[in-house]
Amino acid sequence: MLRSLLKRSAARKRNGKAEGGVCCIFKDTLEFILAVSESSHPREFVGLLTAERTAEGGEVISDVIILPGTRSSSFSASFRRDMLPLGVRFVGTAHSHPKPQAMRPSPQDLQMFAQTGQRHIITFFPYGEDCWRCYDALGREKQLKVVERK
Ligand code: ZN
């Protein structure tokens, strides 16, 4: 069992997919993130992203987990790390910026990104369908394809 797990992770590394696997997000998941961002306004919303494997071997962001005990205010939102659910594999975070056009990660965001997965979505006021960006763990902007859930 352990050996087959090790073999699989070695194979994944050889394919170069160990890090770059998350390529897309389901359209309804993105719409949900934007809707929660809007309903939380003027406070920030923050959630964890989970993903499903695609037939092509990549991963698609499929759900958002909003944790109990998440502190939220007009200037910051952060996780209580002790509330992270056990056994849930998350691939990143999503949070909102209540200021118009505030699409860039803050220094605190970059610290959170570095500790919580490989893809991080920031939504910003007024939360229209283009009012979001995706970043990697180092805060570099990344393309995320929006796909329909089958
Ligand atoms: Zn932020």
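Rules and cut-offs
- Residues numbered from 1 in each chain as written.
- Predicted model: local features only at pLDDT ≥ 70, side-chain atom pairs only at ≥ 80, totals over all residues.
- Pairing = 2+ DSSP bridges.
- Helix = DSSP H or I, 4+ residues; strand = E, 2+ residues; numbered from the N terminus.
- pLDDT = per-residue confidence, 0-100.
- Contact = placed C-beta atoms within 7 Å.
- Buried ≥ 20, exposed ≤ 12 C-beta atoms within 10 Å, placed from the backbone.

**Some details on the pairing of strand E1 (residues 22–26)**
And step 1. Pairing analysis gives three bridges linking E1 to strand E3 (residues 59–65), with the strands arranged parallel. Paired with Ile 25 across the bridge in E3 is Ile 61.

**Things to note about the confidence of the model for the chain**
The predicted coordinates should not be examined in detail at positions where pLDDT is low.
And step 1. Scored by pLDDT, the chain comes out at a mean of 83, with 75% of its residues at no less than 70.
And step 2. For residues 9–19, every residue scores under 50 in pLDDT, and the model assigns this stretch five contacts once sequence neighbours within four places are set aside.

**Thoughts on unusual backbone geometry**
And step 1. Here the amide bond leading from His 41 into Pro 42 is cis, since omega sits at 10 degrees, within 30 degrees of zero.
And step 2. With respect to the element layout, Pro 42 can be found in the loop between helix H3 (27–40) and strand E2 (46–53).
And step 3. A cis amide bond links Phe 125 to the next residue, Pro 126, at an omega of 10 degrees.
And step 4. When you line up the elements, Pro 126 lands in the loop between strand E7 (119–125) and strand E8 (132–135).
And step 5. Even without being glycine, Gln 101 reaches a positive phi, approximately 60 degrees.
And step 6. With respect to the helices and strands, Gln 101 occurs in the loop between strand E6 (90–100) and helix H4 (107–115).
And step 7. Overall, the presence of 10 C-beta atoms within 10 Å leaves Gln 101 in the exposed class.
And step 8. Here the phi dihedral of Tyr 127 falls at roughly 65 degrees; this positive angle occurs in a residue that is not glycine.
And step 9. In this fold, Tyr 127 is placed in the loop between E7 and E8.
And step 10. Residue class for Tyr 127 comes out buried when judged on the 22 C-beta atoms lying within 10 Å of it.

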